[in-house]
Amino acid sequence: MKTGLGLAAAMLMAGAGAEAQTPVSYVEDGRALFTVEVPDFWSVRTGGSRRIAPSDGAVPADVPRVLALQPTVDEGAWLGFISPPGVGDLAEARGYLGQLGRFLALEARTAEPVSRRIGGRPAEVFAGRGRRDGRALQFTVAAIDLPGERVAIAAAVLEAGVDPAFAEALNGVFASFRAAR
């Protein structure tokens, strides 16, 4: 678990990390909820609400619009953002994350949440380890309080063997997070 906690600390140190270059906003119904900056040589994918099945074969669930970032040279690092409708504060986010965990990793082990501020907003950060598609991974999940009874949920994943320098790029994205007013 120390490795997962180290990853969370490395990824969420305010102001540290690689410079992010391109601003991207998470928009719902024509209104921006938050903006992050995407590092050079990372790709951005978006997708509307959809129903997905977890890798453990359990019941599929509806997942809201996703903003996903990934380095163009390695698929072993990934950062995704969602803002689930109906999840209005950090306490509700904890319950939502309990349902969402099986989509992130199998055999997931997480540490207790740590209170932080991300982009000046209250947040809870969970670090952990697990497996997906037969590969070990470390993950950090952050629930970030947004104005207007909404939260942003960010999930950062580093698979075993991925270049640790990607943690710096992920940290830069977290450091760039800004809630829309």
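Predicted model, so just to flag it, every value in this text is computed and none were measured.

What about the sheet that holds strand β2 (residues 31-38)?
Two modes of strand pairing occur in sheets, parallel and antiparallel, and in both the strands are linked by backbone hydrogen bonds. The three strands are arranged β1-β2-β13 in an open sheet whose pairing can be described as antiparallel. Bordering the open sheet on either side are β1 (22-28) and β13 (178-179), each of which pairs with just one other strand. Bridge count between β1 and β2: seven bridges; the pairing is antiparallel. Bridge pairing links T22 to V38 in β2. Packing of helix α3 (residues 166-176) onto the sheet brings it into contact with β2 and β13, and relative to β2 it is tilted by some 145°.

Here we look at the pairing of β2
In summary, the side chains of a regular strand alternate between the two faces of the sheet. In sequence, β1 turns back onto β2 through a hairpin of two residues, with D29 there showing a positive phi of about 50°. Inspection of the sheet shows β2 paired to β13 by two bridges, in the antiparallel sense. By the bridge assignment for β13, T35 is matched with R178.

Structural notes on the environment of A180
Mapped onto the elements of the fold, A180 is located in the segment after β13. With a relative accessible area of 22%, A180 lands in the partly exposed category. Sequence separation between A180 and V27 is 153 residues, and the spatial gap between their C-alpha atoms is 9.9 Å.

Focus: the packing of aromatic side chains
Counted under the stated rule, the structure contains five aromatic pairs. Note on F34 and F81: the rings are 5.4 Å apart at their centroids and 50° apart in plane angle, and the pair reads as tilted. Of this pair, F34 sits in strand β2 while F81 sits in strand β7 (residues 77-82); the two residues are 47 residues apart in sequence, bridging distant segments of the chain. Both residues of the pair, F34 and F81, count as buried. We classify F81 as buried; its relative accessible area is 1%. Cluster of aromatic residues (ring-pair linked, three or more members): Y26, F34, F81 and F177.

Quick word on unusual backbone geometry
Unlike most non-glycine residues, D29 shows phi in positive territory, near 50°. Structurally, D29 can be placed in the loop between β1 and β2. Looking at D29, the relative accessible area reads 80%, which means it is exposed. The phi dihedral of E149 is positive, around 55°, even though this residue is not glycine. Within the secondary structure layout, E149 lies in the loop between β11 (135-146) and β12 (150-159).

A look at the layout of surface pockets
Once rolled over the atoms, a probe with the size of a water molecule shows which space is left empty. Volume-wise, the second largest pocket comes out at about 180 Å³. Taken together, 14 residues line the second largest pocket, and the ones lying closest to its centre are L137, Q138, L158, E159 and A160. Counting residues per element, the ones that place at least two in the lining of the second largest pocket are β10 (121-132), β11 and β12. Its residues placed into classes, the lining of the second largest pocket shows seven nonpolar, three polar and four charged.

Conventions and cut-offs
- Residues numbered from 1 in each chain as written.
- Predicted model: local features only at pLDDT ≥ 70, side-chain atom pairs only at ≥ 80, totals over all residues.
- Heavy atoms only, no water.
- Pairing = 2+ DSSP bridges.
- Helix = DSSP H or I, 4+ residues; strand = E, 2+ residues; numbered from the N terminus.
- Contact = heavy atoms within 4.5 Å.
- Axes fitted to C-alpha atoms, helices over the stretch in contact; angles between N-to-C directions.
- Buried < 20%, exposed > 50% of the residue type's maximum accessible area, 1.4 Å probe, protein only.
- Phe/Tyr/Trp six-rings, centres within 6.5 Å; stacked < 30°, edge-to-face > 60°.
- 1 Å grid on protein atoms, 1.4 Å probe; cavity = no way out; pocket = protein on both sides within 12 Å on 5 of 7 lines; lining within 4 Å.
- Points joined across faces, edges and corners; volume = space filled by probe spheres on them.
- Nonpolar A, V, L, I, M, F, W, Y, C, P; charged D, E, K, R; others polar.

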